[in-house]
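# Observations on the three-dimensional arrangement
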Amino acid sequence: MREQGGEQLKEPTNVIIFDTTLRDGVQSPDASANKENALYIAESLAEAGTDVIEAGFPGSSRGNFATVRNIADKVNGPIIAAFARTLPEDIEQAGRALEPAGDRARINVCAPVSDLHIKERLGMGRKSLLELAVKSTKQAKEHTHDVEFSFEDSTRADLEFLKKTVLAVANTGATTMMLPDTVGAMLPREYSERLLAVREELDSQGFKDVVIAAHCHNDLGQSVMNSVDALRFGGAEQVEVTIGGVGERNGNTPLELVVGNIAVQPELGLRTNVDPLKLRNLTHSVAPRALGVRVAETQPFIGRKSYVHGSGMHQDGVIKDEGTFKNFPSSTFGFDKPFEFKINDQSGKAGVRYELSRLNVNVGDDELLRVTEAVKDLSTNEDRNLGHNDLEKLASGVTGEKMEDKFNLETFSFSGDTEGICEATLTINGQKKTVKSEGGVVDAAKQVMQFIVGFEFDIGGWHVDDLEEGSDAAVRIFATVKHNGYEIDTHAKSKVSERAGVEALMHAVNVIDRAEERVQKAEAKKAA
């Protein structure tokens, strides 16, 4: 027990995180993972602290069997689960695939329990289904002590039949009962009440150690609320999730949203073994690389745009106190900055001053007002966010500061071969250099620039906007360049996308150079 404010609080209840990205998640038409990528996903999930990893469905194909066996052999720590229908050959394949996992193996046997599925899909009656569930559980127990039974479409099943089937497989030795909301048919309170009814039935029959698992789909947009409520009020101890919520139709419950909610809301009385600092990598690096899917930048907790403010009121507020427009610190999820700003026609003086200070540009109150008005006019006229190159130029127009580019692009050319090698040749300030790179055109151009300008930088963001169509087609490329504590947003427009990209990088390099020069001048003036 913990004491707080003179009151005794219960220790948080540990939640078992069961990740089914590699089974339920890859059923999405947009997701796939070969043997190597599946191993990478499983290793990443294990490193993050996931308790159970459902590695796949061995009975579906030879390839899936090999994938599950590879994960069972090479991934240490979590329980490794394999999915099986109530078919003897499925269960046998699952058991064989899981052999390398030893006592960390779990077979997840699945059968429908709603009359709709039993009668229309399987063509049998309740009695036959019940007998099949018991028989399948017995077979699975021959392979592993840890058997999960999934009662497909449990939220549309007759509750009394559901409880009867749960007790039957519990008597046979199943250790986890997964009650999925297969088509997202229920709202949170209804789902929790159903799970609690099953929990109470198990407890009354002496099965208090049997785990109830929540598994929710997002057809009604309720998967996260259903899952969290099931943990709080429905007696569930395990929650089943996928990276980014990937899955069939509208997807599954997102791993990062369940863990995120639990991490920032201690009042839930829950905890997990998953490290919140690992969630960004899983969703924005692992998922795109290994699954071929991208998670929105607006995804709560881990989306970059979760901490980006465009409103002048918001910018002013978070400068004064980060908590004004966020009830948890961004550092909880590994962000090194408490917030970011987008400068546009909605921004105010506080946000403009803040961004100018990052460039070491100091302005008085009257000058700030004029710069802010200029920012609003330009953003409105061009209907876009402004980059630091825009902001610096507008400020110089007010303050009279001379603004010259130290580095000037004179010529450029690009080429590529069938092996994926890109070659970039740039002439900057009369110096010509060629670099070949496997990283593509942008990386080759970056290497040339770094050599000529004399300092290294990272590209933290890259976005392309198509501006026109037809013969006058043009693109505007927005780039974020990082160097020595500076994080500079710039852009450039051209009919040739490669040129727009190079010029956006050149703008950033020059903005950084001038920002550093301002510091040097200020220090020299102070020393004098």
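Please read all numbers here as calculations on a predicted model, not as lab measurements.

### Things to note about the nonpolar core
Considering soluble globular proteins, one finds that nonpolar side chains tend to be buried as a cluster. Counting 90 residues, the largest nonpolar core has Ile71, Ile80, Phe151, Met177, Leu202, Leu255 and Phe333 as its most contacted members. Here this core takes seven residues from helix α1 (residues 35-48), the largest share from any one element. In this structure, Val361, Leu391, Tyr486 and Val502 belong to the second largest nonpolar core, which totals 46 residues.

### Observations concerning the packing of helix α5 (residues 126-141) against helix α6 (residues 159-172)
When two helices pack together, their arrangement is given by the angle between their axes and by how far apart the axes lie. Contact geometry for α5 and α6: axes closest at 9 Å, N-to-C directions at 25°. Taken together, the axes of α5 and α6 are roughly parallel relative to one another. At the point where α5 passes α6, the crossing takes the right-handed sense. Residue-level inspection shows Arg126, Leu129, Leu130, Ala133, Val134, Thr137, Lys138 and Lys141 of α5 in contact with α6, the latter providing Phe161, Lys164, Thr165, Ala168, Val169 and Thr172.

### Notes on the environment of Ala42
Locating Ala42 in the fold gives a position in helix α1. On the basis of relative accessible area, Ala42 is assigned to the buried category, the value being 0%. Along the sequence, Ala42 and Val75 sit 33 residues apart, while their C-alpha atoms lie 7.0 Å from each other. Every residue in contact with Ala42, bar those within four places of it in the chain, is listed here: Leu22, Ile53, Ile71 and Val75.

### As for the packing of aromatic side chains
A complete count under the given rule lists twelve aromatic pairs for this structure. Between Phe301 and Phe333 the ring centres are 5.1 Å apart and the planes differ by 35°, which places this aromatic pair in the tilted class. Taken together, the residues span a long stretch of sequence, with Phe301 in the loop between α10 (279-291) and β13 (308-309) and Phe333 in the loop between α11 (312-320) and β14 (340-341) at a distance of 32 residues. Residue Phe301 shares its accessibility class with Phe333, and that shared class is buried. An aromatic cluster of three or more residues is present, and its members are Phe301, Tyr307, Phe328, Phe333 and Phe335. Directly above the aromatic system of Phe335 lies the positively charged group of Arg280, at a separation of 3.9 Å from the ring centroid. Between the NZ or CZ atom of Arg289 and the centre of the ring of Tyr40, over which it lies, the distance is 3.9 Å.

Definitions and limits used
- Residues numbered from 1 in each chain as written.
- Predicted model: local features only at pLDDT ≥ 70, side-chain atom pairs only at ≥ 80, totals over all residues.
- Heavy atoms only, no water.
- Core = buried A, V, L, I, M, F, W, Y, C linked by side-chain atoms within 4.5 Å.
- Buried < 20%, exposed > 50% of the residue type's maximum accessible area, 1.4 Å probe, protein only.
- Helix = DSSP H or I, 4+ residues; strand = E, 2+ residues; numbered from the N terminus.
- Axes fitted to C-alpha atoms, helices over the stretch in contact; angles between N-to-C directions.
- Parallel < 35°, antiparallel > 145°, perpendicular 65-115°, else oblique.
- Left-handed = near helix turned anticlockwise from the far one by under 90°.
- Contact = heavy atoms within 4.5 Å.
- Phe/Tyr/Trp six-rings, centres within 6.5 Å; stacked < 30°, edge-to-face > 60°.
- Lys NZ or Arg CZ within 6 Å of the ring centre and 35° of its normal.

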